[in-house]
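A closer look at the structure
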Amino acid sequence: MKLENEFWFDEDAGPLVRPYAVARGRTRPTRHNLEMTTLVVAARTDGDVNVDREYAHILRMCQRPLSIAEVSATLNLPLVVVKVLLSDLIDWGLIIFRSPPRTSEVPQMELLQAVLDGIRKL
Amino acid sequence: MAFVSSETSATHALSASAVKILIAGGFGVGKTTMVGSVSEIRPLRTEEMLTELSSGVDDLSGVEDKTTTTVALDFGRITINPELILYLFGTPGQQRFWFMWDELAYEALGAVVLADTRRLESCFAAVDFFERRKIPFVVAVNCFDNAPLYEVQEVREALSIDNAIPTVLCDVRKRNSSKQVLVTLLEYLIGLAKSATTPTEASSPVQ
Ligand SMILES: Nc1nc2c(ncn2[C@@H]2O[C@H](COP(=O)(O)OP(=O)(O)OP(=O)(O)O)[C@@H](O)[C@H]2O)c(=O)[nH]1
Ligand SMILES: [Mg+2]
C-alpha cells in the first residue's frame, strides 16, 4: 500500500483543517466503545462509495484490519477525531469493528499462552 | 446519505482481535527503541487530546486550567497469529499527562517499566501508576554504556518493589534482548493467571 504518501487534502486548506471540518467539531464519537486497539475493516471490498473523501480514504486504508491507533497514525490525526469519523462509517454500515478481548470474557490463560508463543517465534 | 447497493460487492469478515502491552519509563530510557526493535512495522505515532484533568493526579503543577493537552505515543505491532495482534505502546517519557489517559491502561495485558541506572528515580512514577492501577509489570534495566552497574536486587530495593516482580537487565537496541524482556513479562503474567485460578491453601478448607 502506498497510502502513507498520498495527499488527500485541499492544498490550501492545510493538512488538519479538512478532517476537522468533516468531523464538524465533534469530539464525542457516536460510538462510545471504540478504543485504540479496536480493529476496524471496511465492510466491503470495493471502495466505490459515495462519501466525502476523508471517509473514502479511510475505507481504502481499511481493506485489511487495522487498529484505530494505526488509522490515527497514518492519517496523522488525533484519536478522537478518527473515532468520530469511524463512528460515522460504522453507523453507515461501511466499517465493521472488533473490540479487544475482555479479560473477563476470554480464557486468559489461552490468550497469554498464544502471545508468549508468538513472541518466542520472533 | 445514499449508498450504492452492496449486493454486487464482496464483504470482509473480521475475526482477529488485538491486545496491548505498555512500555513505560522515564525520559529517554529507550522505550521507542524497544518498541522498534521487536515491531514488525516501523514505530508509528498516534496522539490523543486530553481535555479533562482527572482528579487524583496531583502532579500537574504548571497546568492552570482545563486546557487541551496533546499526548503522543509511539507504538509497534507484532502479528501473533492470524487471529491475534499484539500492540506495544511506548508511553511518552517527558511529560506525564499519559497518566490521565485511562484508555491506555484499560485492559492492557501488562507493562514493562524500563529503568536507567543513571536516573533510577525517573521510572518511579510509572511503577507507582501500574501498582495503583493493578496492572502487572516487570522491570527491565536498560544497560547504557558507562552507566553504573547494579545488581538486580539493588534495583528492586531502590524502586521498593516486591521481590516477586521480575527484574531483568537488557539492551533494548537488540531484538533478542527486547524479546527476552517480553517473554519474562508473559511468563510472569501466566504465573499470575495460574495462581488466580488455582485455589490457594488459605482459601481451601483446613485439614
Ligand atoms: N548506549 C545505549 N543507547 C541506547 C540504548 N537504548 C536506547 N539508546 C539510545 O538512547 C536514546 C533514547 O532512546 P529512545 O528509545 O528514543 O528513548 P525513549 O524512552 O523512547 O525516549 P522518550 O520517548 O523521549 O522519553 C536513543 O538515541 C537511543 O538510540 C541502550 O541500551 N544503550
Ligand atoms: Mg520515545
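Residues numbered from 1 in each chain as written. Chains lettered and ligands numbered in written order. Predicted model: local features only at pLDDT ≥ 70, side-chain atom pairs only at ≥ 80, totals over all residues. Heavy atoms only, no water.

As for the nonpolar core
Burial of nonpolar side chains together is a common tendency in soluble globular proteins. Grouped together as the largest cluster of nonpolar side chains are 106 residues, with contacts concentrated most on Trp98(B), Val112(B) and Phe130(B). Not counting residues within four places of it along the chain, the set of residues in contact with Val112(B) comprises Leu22(B), Ile23(B), Ala24(B), Met34(B), Val138(B), Ala140(B), Val181(B), Leu182(B) and Leu185(B). (Core = buried A, V, L, I, M, F, W, Y, C linked by side-chain atoms within 4.5 Å. Buried < 20%, exposed > 50% of the residue type's maximum accessible area, 1.4 Å probe, protein only. Contact = heavy atoms within 4.5 Å.)

Digging into helix H1 (residues 31-38) of chain B
Every buried residue of H1(B) is listed here: Lys31(B), Met34(B), Val35(B), Ser37(B) and Val38(B). Across the axial projection of H1(B), the buried residues extend over an arc of 165°, all falling on one side. (Helix = DSSP H or I, 4+ residues; strand = E, 2+ residues; numbered from the N terminus. Arc of directions from axis to C-beta.)

So, the packing of aromatic side chains
All names here are of chain B. All told, the structure shown has ten aromatic pairs over all chains when counted by the stated rule. Centroid distance Tyr-87 to Phe-89: 6.4 Å. Interplanar angle 35°. Geometry classified as tilted. Like Phe-89, Tyr-87 is buried. Ring plane angle 70° and centroid distance 5.4 Å describe the contact between Phe-129 and Phe-130, whose orientation is recorded as edge-to-face. You'll find Phe-129 and Phe-130 in the same group, each marked buried. For the cation-ring pair, Arg-118 lies above Phe-144, with the distance from its terminal atom to the ring centre recorded as 4.3 Å. (Phe/Tyr/Trp six-rings, centres within 6.5 Å; stacked < 30°, edge-to-face > 60°. Lys NZ or Arg CZ within 6 Å of the ring centre and 35° of its normal.)

Focus on the side chain of Thr167(B)
All names here are of chain B. With respect to the helices, strands and loops of the structure, Thr-167 is situated in strand S7 (residues 167-170). With relative accessibility at 8%, the residue Thr-167 sits in the buried group. In terms of polar contacts, Thr-167 uses its side chain to reach the backbone carbonyl oxygen of Ile-165, at 3.2 Å. Apart from residues lying up to four places away in sequence, Thr-167 is in contact with Val-139, Val-141, Val-152, Val-155, Arg-156 and Ile-161. (Polar contact = N/O pair within 3.5 Å; in protein donor to acceptor, adjacent residues only side chain to side chain.)

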